[in-house]
Amino acid sequence: MLAQIVQITLLNLRNLPARLGSSSVVVVGIGGVVAVLVAILAMAAGFSATLNRGGAPDRAIVLRGGSSTAELSSTIDLQRSQYVSTLDGIRRSSGELYTVADIPKRATLLPANVVIRGVEQSAFGIRPELRIIEGRDFTPGRNELIAGRGAGAEFLGIDLGATIELRQSQWTVVGIFEADGSAYESELWTDLATAQSAFRRFSLISSMRVQLENPGAIESVRAEFEDNPAVDLSITSEEEFFGSQSEFLASLITGFGYGVALIMAVGAMFAALNTMYAAVSARTVEIATLRALGFGAMPVVVSVLVESVALALVGGLLGGAIAWFGFNGYTVSTLNQNSFSQVAFDFAVGPDILVTGIVWALALGFAGGLFPALQAARLPITQALLRAG
């Protein structure tokens, strides 16, 4: 049986060039499904990776109690920030002001929320991954900004040396920074005291970034807050904080991707069915002759399935290649619902996503070839041979 399967399958595959037009319908249809699925999954993966890169196990964020994961709605006064900085288990801290401003996107010229983060100098020590790649750091006391690499790529006027207007005041971009591809690269940073004055927040901050003595120290700080409810503060590890921010939108994008791919897959499967039915019909006499010569029904079924799956595999590889070369590393921005701001991120077409696309392609090829294969095995031998005569 194995020898028969090999012989008939090789015969079918050698005849594929003669059916190039109909076969290309399957390849293109399944390739389109895979390309769309991989691209959308790469979008979700890129968004999650961008947020998750901002976290470190020995860092945490302190917010006002009840603010959950939203820095924008949190407010901490000077007394509370000084109290936090003296707690055991905290190596160093940075009080930070978090606000947003409307800046047009380069691609659409439509305004979008961009994070303006006022920080203390200790913020750079807490985040050693952040480094200036062009220009210089801002000078405290001046209306100067450093911009993340992603913000510079996505938003109009965020260029080294440019002057932009934020909340009716002029600011100069004096540096461009990167932070290992994290969400910080979508932000504009400036001196905390300058930001408090310009945005009329004075002695108030939005959050505190703290570097812990060790990851386990977060529990002692959390217990301190719980034992002293009057301070009304909460502490969350950065990894948990960014993970919760990415979860909702990544799930939404992923669900949308599978939904679109499923709709397209129905069309591609019907194209595969039509193509394989036509191929079986054109080879009616050939298949019947093989059966009359002693070839079994199972080898015929397997040969048709292999042909269908082979075409699907080519389509899957084509779709994966299109997604890889067309989208991998492509920078876009989207609204982070938790922070009410735009996050610039790169599509991430990883091996696991490509494997998912290929699996979808093979499944479609198998489904599209199964019924034509069964029809081929059930062809009436005598009737087909009489037609040949």
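What counts and what doesn't
Residues numbered from 1 in each chain as written. Predicted model: local features only at pLDDT ≥ 70, side-chain atom pairs only at ≥ 80, totals over all residues. Heavy atoms only, no water. Phe/Tyr/Trp six-rings, centres within 6.5 Å; stacked < 30°, edge-to-face > 60°. Helix = DSSP H or I, 4+ residues; strand = E, 2+ residues; numbered from the N terminus. Buried < 20%, exposed > 50% of the residue type's maximum accessible area, 1.4 Å probe, protein only. Lys NZ or Arg CZ within 6 Å of the ring centre and 35° of its normal. Contact = heavy atoms within 4.5 Å. Salt bridge = Lys/Arg side-chain N within 4 Å of Asp/Glu carboxyl O.

A. Representation of the packing of aromatic side chains in the model. Overall, the coordinates contain 13 aromatic pairs when judged by the stated rule. Measuring from ring centre to ring centre gives 5.9 Å for tyrosine 184 and phenylalanine 242, while their planes differ by 90 degrees; the resulting arrangement is edge-to-face. Of this pair, tyrosine 184 sits in the loop between β7 (169-178) and β8 (188-191) while phenylalanine 242 sits in helix α8 (residues 238-282), placing them 58 residues apart in sequence. Both residues of the pair, tyrosine 184 and phenylalanine 242, belong to the buried class. One Lys or Arg, arginine 127, reaches over the ring of tyrosine 184 and ends 4.6 Å from the middle of that ring.

B. View of the environment of valine 114. One can find valine 114 in strand β3 (residues 111-119). Using a relative accessible area of 1% as the deciding quantity, one classes valine 114 as buried. For the pair valine 114 and serine 341, spaced 227 residues apart in sequence, the C-alpha to C-alpha distance is 5.5 Å. With residues up to four places along the chain from it excluded, the contact list for valine 114 reads Thr99, Val100, Ala101, Ile103, Phe155, Ser186 and Leu188.

C. Structural context of the pattern of salt bridges. Enumeration over the complete set of coordinates arrives at 17 salt bridges. Note that glutamate 213 and arginine 91 form a salt bridge whose closest N and O atoms lie 3.7 Å from each other. One end of the pair, glutamate 213, is in the loop between β9 (207-212) and α7 (217-227); the other, arginine 91, is in strand β2 (residues 90-104), and 122 residues separate them in sequence. Across the pair glutamate 219 and arginine 222 runs a salt bridge whose closest N-O atoms are separated by 3.0 Å. Taken together, the positions of glutamate 219 and arginine 222, both in helix α7 and 3 residues apart, correspond to about one turn of that helix. The class for glutamate 219 is partly exposed, based on a relative accessible area of 48%. Overall, the relative accessible area of 23% leaves arginine 222 in the partly exposed class. Linked through salt bridges whose partners overlap, the residues forming this network are Arg59, Glu71, Glu96, Arg117, Arg127, Glu129, Glu187, Arg209 and Glu238.

The values are spatial; any link to function lies outside them.
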